[in-house]
Structure formats: C-alpha cells, structure tokens
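# Coordinate analysis (summary)
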Amino acid sequence: MSDNGVVIWGSKTESKSNQEIVEGIKQELSDAIPANVISNISLPTLATQGAEISWESSHPEVISSGGVVDRASAIIGDVEVELTATITLGDVTEAVSITVTVPTQQEGGLSAYYDFNDSLSDQSGNQEDATITGDRLNNTGGNITFAEGIAGKAAQFDGESGIRLADGLITSDKYSISLWMKPEEITQFTTTFFGTRTENNWISLVPNADGVSRVWSYNGSDWYDANLDFMIPTEEWTHFTFTVDQGEAKIYINGQEEFSQGNFPNIFTASNAQFGLGVNFWDMPFKGLMDELRVYDGLVLTTEDVQSLFNNPGDGGDLGNNEQTNTENDLPETATNQFNLLAIGLLIMAAGASIFFIVRRRKNND
C-alpha cells in the first residue's frame with residue numbers, strides 16, 4: 001500500500017493452453033444451460049481469458065440466438081431446440097451443441113389442490129402425492145399428522161418436519177397460491193409455502209420477517225420484500241393468497257387486498273422448480289396447521305375469486321378447472337333441454353303450417 005492508500009494486488013491462475021480453456025468453456029456451457037426452459041435464458045458471448053462465443057439456434061422462432069424464448073411458437077407440442085455455441089480463443093475455435101426443450105404453452109388453471117383430509121394426495125389429479133420431509137426441504141425423516149382443519153382435516157406440522165409438494169407446480173410468470181394457516185408459534189423467517197428453482201432463486205411466504213408478514217423473494221442478485229404492515233396471529237386461522245401477474249404482485253389476507261406492487265422477479269423460468277410447505281433450506285420449520293392449499297399456474301385469481309375461496313373453505317368451485325363452461329346463451333346438453341328444443345321446433349313447424357293454410361284459404365276465396 002502506498003502513502004496515498006493505493007493498493008496493487010494480483011492473483012495467479014493455473015496455466016492452461018487455449019485448447020484446454022475452450023474445452024472447459026464447452027463443459028461449463030453444457031452444465032449451465034437448462035434442459036427445459038419456459039422463459040428467456042442467458043447465452044453468454046464472452047468467457048474466461050477473453051474467449052468469444054457466438055450462438056445459433058435450430059428454431060430461432062422458439063429460442064432466438066440471443067436467448068429470447070417464445071413458448072407461443074410451440075403450438076403443436078414441445079419443441080426441441082439445438083443451440084450451437086461457437087467458441088473462439090486465439091487460434092482455437094470449437095463448437096458445442098446443447099439440446100433444450102421448450103414445452104408448449106398450456107392453458108392456465110388449477111395446477112394442484114391439497115385438502116389434507118387424512119392424506120397428502122393432490123385432489124386435482126394433476127400431480128403426484130406430496131411427501132414428508134425432515135427439517136429441510138431436501139431431506140427426510142419427519143412426521144406429519146392430521147387434525148381438525150378449516151374444512152375437514154388439516155396437515156399438522158410439529159416444528160421439525162415439512163411437506164415436499166410435486167415439482168413443477170408453477171411454470172410461468174402468472175400464478176396464484178391460496179392456503180389457510182393456523183400457526184401455533186411464529187418464528188423468525190420460518191416459511192409456510194416455499195418455491196425454489198435453485199438455492200439462489202426462490203419465493204417464500206413468511207408469517208414473521210422482522211415483525212411483519214412477508215412474501216420474500218431472491219433471484220440471485222436482488223431481494224424483493226412484499227411486506228404487510230402487520231403480522232398474522234397465532235392460534236387462529238388466516239387465509240393467505242398471493243398472486244403474480246407478469247411482475248405485478250398482490251397479497252390478500254382473509255379476502256382483502258393488503259399489498260400490490262410491480263417488479264416482482266420472474267423466478268419460475270424452468271419446468272422443474274421444487275415446492276414445499278413449512279420448510280426451506282435454512283430456517284426453523286413451521287409449527288401449526290395448514291389446510292386447503294391451491295396452486296394455479298398461468299392463472300391470476302381476481303379479488304372476487306379470492307373472496308370466494310375465503311368465504312367457502314373447502315369449495316373451490318370451478319376456479320381454474322379448465323373445463324368448458326356454458327355461456328349465458330347456451331343450454332346444457334341434458335335430456336330435458338333436448339325435449340324442450342324438440343317441443344319448440346314442433347311449435348314453430350305447427351305455426352308455419354297454420355300460416356300456410358290461412359294464406360292458401362284466402363287465395364281460394366279470392
């Protein structure tokens with residue numbers, strides 16, 4: 001350090017040939033690019049030692065050479081895209097091809113529904129059953145029991161266990177999460193619902209984060225705090241709903257909107273995200289009850305939808321079931337309605353015949 005406070009420092013790197021460096025870059029790219037993508041991906045153009053990378057795509061309308069993903073172009077099913085990276089460092093040029101699958105855009109709707117009536121089964125039929133974890137999302141050995149819930153039974157958490165939900169519940173930047181919770185105790189940063197793409201990309205519904213309830217998120221570089229100005233109570237049921245509409249986040253407590261703000265990070269950019277209840281990778285597990293968990297992918301619940309779920313626990317109605325519903329002018333296909341339509345048709349035919357005979361009689365009289 002000089003008298004003026006200037007510091008000069010350096011580091012020694014392992015000496016490698018250009019060929020070895022390029023081979024290492026090829027391996028790093030193969031490991032870093034996900035096998036399935038549902039959102040834009042980063043395709044680097046520079047690498048270590050100043051190596052330059054250029055990209056080509058076999059289906060640029062689905063994934064461009066700049067990493068822009070357009071799932072709407074995958075209209076006939078999942079599309080396999082071959083991304084070719086050409087790496088140049090000095091006199092060495094090598095290419096590596098990476099196959100990426102872009103799943104077709106599905107119609108938004110109910111992704112999973114766990115009612116916890118003496119089981120961890122998904123009642124929507126879309127997902128595999130949930131499983132029991134220990135005190136972290138990625139381990140085992142816990143114990144989940146069932147007790148009286150807001151509707152039927154509820155999952156009871158002992159403060160040492162959690163629930164691992166099915167992977168891939170959310171695969172877009174439009175989704176909704178609805179659940180009932182009754183904490184026995186509220187400990188700092190303990191999660192209720194946790195969704196993670198990697199350990200550095202996640203969202204967490206936290207009853208107590210520095211004295212307020214919060215939806216917390218981290219995307220690898222930036223933190224997002226969706227804070228309420230209060231903390232939900234212990235020993236009583238609270239209905240918690242969180243929605244994201246392409247960055248616009250909302251929190252509803254007991255059917256009332258309590259938070260609304262933009263710029264929420266897009267976390268679920270791949271189709272293999274992990275989800276859990278009561279546990280994450282770091283904090284003390286949840287202790288208390290949870291019930292009536294509903295996850296909607298590609299569907300943002302309205303205020304009316306949220307209030308319906310709050311006012312009718314255990315009855316989600318037709319929210320997000322993707323079934324074809326009758327419009328106001330359509331009649332359901334029942335035997336009664338078929339008879340009514342037939343009767344109307346006969347009346348019209350009879351009226352037409354009467355008019356025909358009246359007109360014919362008048363002509364004969366004339």
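Residues numbered from 1 in each chain as written. Predicted model: local features only at pLDDT ≥ 70, side-chain atom pairs only at ≥ 80, totals over all residues. Heavy atoms only, no water.

### Comments concerning the overall build of the chain
Looking only at helices and strands, the chain features three helices and 18 strands. Taking all 366 residues of the chain together, 42% fall into the buried category. Considering only residue pairs separated by 6 or more positions, the chain has 63% of its internal contacts joining residues 24 or more positions apart. With the model as given, the accessible surface of the chain reaches about 19,600 Å², and the carbon-plus-sulfur share is 46%. (Helix = DSSP H or I, 4+ residues; strand = E, 2+ residues; numbered from the N terminus. Buried < 20%, exposed > 50% of the residue type's maximum accessible area, 1.4 Å probe, protein only. Contact = heavy atoms within 4.5 Å. Areas by Shrake-Rupley, 256 points an atom, 1.4 Å probe, with all protein chains shown as cover.)

### Considerations on the sheet that holds strand 3 (residues 92–102)
Sheet architecture is open: three strands sit in the order 1-2-3, paired in antiparallel fashion. Each having just a single partner strand, strand 1 (52–57) and strand 3 make up the two edges of the open sheet. Across this sheet, the average inter-strand angle for adjacent strands is 20°, counted without regard to direction. Note that strand 1 and strand 2 (residues 79–89) share six bridges and pair antiparallel. Bridge pairing in strand 2 links Glu52 to Thr88. Sheet strands in contact with helix 1 (residues 18–32) are strand 1, strand 2 and strand 3, and its direction is about 5° off that of strand 3. (Pairing = 2+ DSSP bridges. Axes fitted to C-alpha atoms, helices over the stretch in contact; angles between N-to-C directions.)

### Re helix 1
Here helix 1 contains 15 residues, and its C-alpha end-to-end distance of 21 Å stays within 8% of the 21 Å for a straight helix at 1.5 Å per residue. The complete set of buried residues in helix 1 reads Ile21, Val22, Ile25, Lys26 and Leu29. Here the buried residues of helix 1 occupy an arc of 145° about the axis, which is enough to place them on one side. Away from its buried face, by an angle of more than 90 degrees, helix 1 presents the exposed residues Glu28 and Asp31. Packing partners of the buried residues in helix 1 comprise strand 1, strand 2 and strand 3. (Expected span 1.5 Å × (residues − 1). Arc of directions from axis to C-beta.)

### Examining the nonpolar core
In this structure, Ile163, Leu165, Ile177, Phe193, Phe242 and Leu293 are the most contacted members of the largest nonpolar core, which totals 43 residues. Among the elements that take part in this core, strand 9 (residues 174–185) stands out by supplying four residues, more than any other. The contact partners of Leu293, leaving out residues within four places of it in the chain, are Ala112, Tyr113, Tyr114, Phe116, Leu165, Ile177, Ser178, Leu179, Phe193 and Leu277. Formed by 25 residues, the second largest nonpolar core is a distinct cluster that contains Val37, Val69, Val79 and Val92. (Core = buried A, V, L, I, M, F, W, Y, C linked by side-chain atoms within 4.5 Å.)

### Overview of the confidence of the model for the chain
Averaged over every residue, the pLDDT of the chain is 86; the share at 70 or more is 83%. Scored below 50 in pLDDT, residues 323–351 shows six contacts in the model against residues more than four places distant or in partner chains. This stretch, residues 353–365, has a pLDDT under 50; its non-local contacts, to residues over four places away or in other chains, come to zero contacts. (pLDDT = per-residue confidence, 0-100.)

### Points about the pattern of salt bridges
Considering all chains together, one arrives at ten salt bridges under this definition. In this structure, Glu94 engages Lys26 in a salt bridge whose closest nitrogen and oxygen atoms are separated by 3.6 Å. Remark: Lys26 occurs in helix 1 and Glu94 occurs in strand 3; sequence separation between them is 68 residues. Since its relative accessible area comes to 15%, Lys26 is described here as buried. Between Lys250 and Glu248 there is a salt bridge, and its shortest N-O distance comes to 4.0 Å. The partly exposed category is assigned to Lys250, whose relative accessible area is 21%. Of the residues examined, Glu248 reaches a relative accessible area of 35% and is grouped as partly exposed. (Salt bridge = Lys/Arg side-chain N within 4 Å of Asp/Glu carboxyl O.)

### Section: the side chain of Asp297
Take Asp297: it is sitting in strand 18 (residues 287–297). At 3.0 Å, the side chain of Asp297 forms a polar contact with the side chain of Ser172. Excluding anything up to four places from it in sequence, Asp297 contacts Gly108, Gly109, Ser111, Leu169, Ile170, Thr171, Ser172, Lys174 and Tyr175. (Polar contact = N/O pair within 3.5 Å; in protein donor to acceptor, adjacent residues only side chain to side chain.)

### Observations concerning the sheet that holds strand 17 (residues 274–277)
Strand order in this open sheet of seven strands is 5-8-17-10-11-12-13, and the pairing throughout is antiparallel. Both outer strands of the open sheet, strand 5 (131–133) and strand 13 (223–227), are each paired with one neighbouring strand and no more. When the angles between neighbouring strand axes are averaged without regard to direction, this sheet yields 25°.

### Looking at unusual backbone geometry
Here Gln49, not a glycine, exhibits a phi torsion of approximately 60°, which is positive. Position of Gln49 among the secondary structure elements: in the loop between helix 1 and strand 1. Although it is not a glycine, Asn263 sits at a positive phi angle of roughly 70°. Of note, Asn263 is situated in the loop between strand 16 (256–261) and strand 17. On the basis of relative accessible area, Asn263 is assigned to the exposed category, the value being 73%.

### Digging into the packing of aromatic side chains
The final tally for this structure, using the stated rule, is 20 aromatic pairs. An angle of 20° between the planes, with centres 5.7 Å apart, marks the rings of Trp180 and Phe310 as stacked. Within this pair, whereas Trp180 is found in strand 9, its partner Phe310 is found in helix 2 (residues 303–311), the two being separated by 130 residues in sequence. Of the residues examined, Phe310 reaches a relative accessible area of 25% and is grouped as partly exposed. An aromatic cluster is present here, built from Phe189, Phe194, Trp202, Trp216, Tyr218, Trp223, Phe281 and Trp282 joined pairwise through their rings. When the ring centre of Trp216 is taken as origin, the NZ or CZ atom of Arg214, which lies over that ring, is 5.5 Å away. (Phe/Tyr/Trp six-rings, centres within 6.5 Å; stacked < 30°, edge-to-face > 60°. Lys NZ or Arg CZ within 6 Å of the ring centre and 35° of its normal.)

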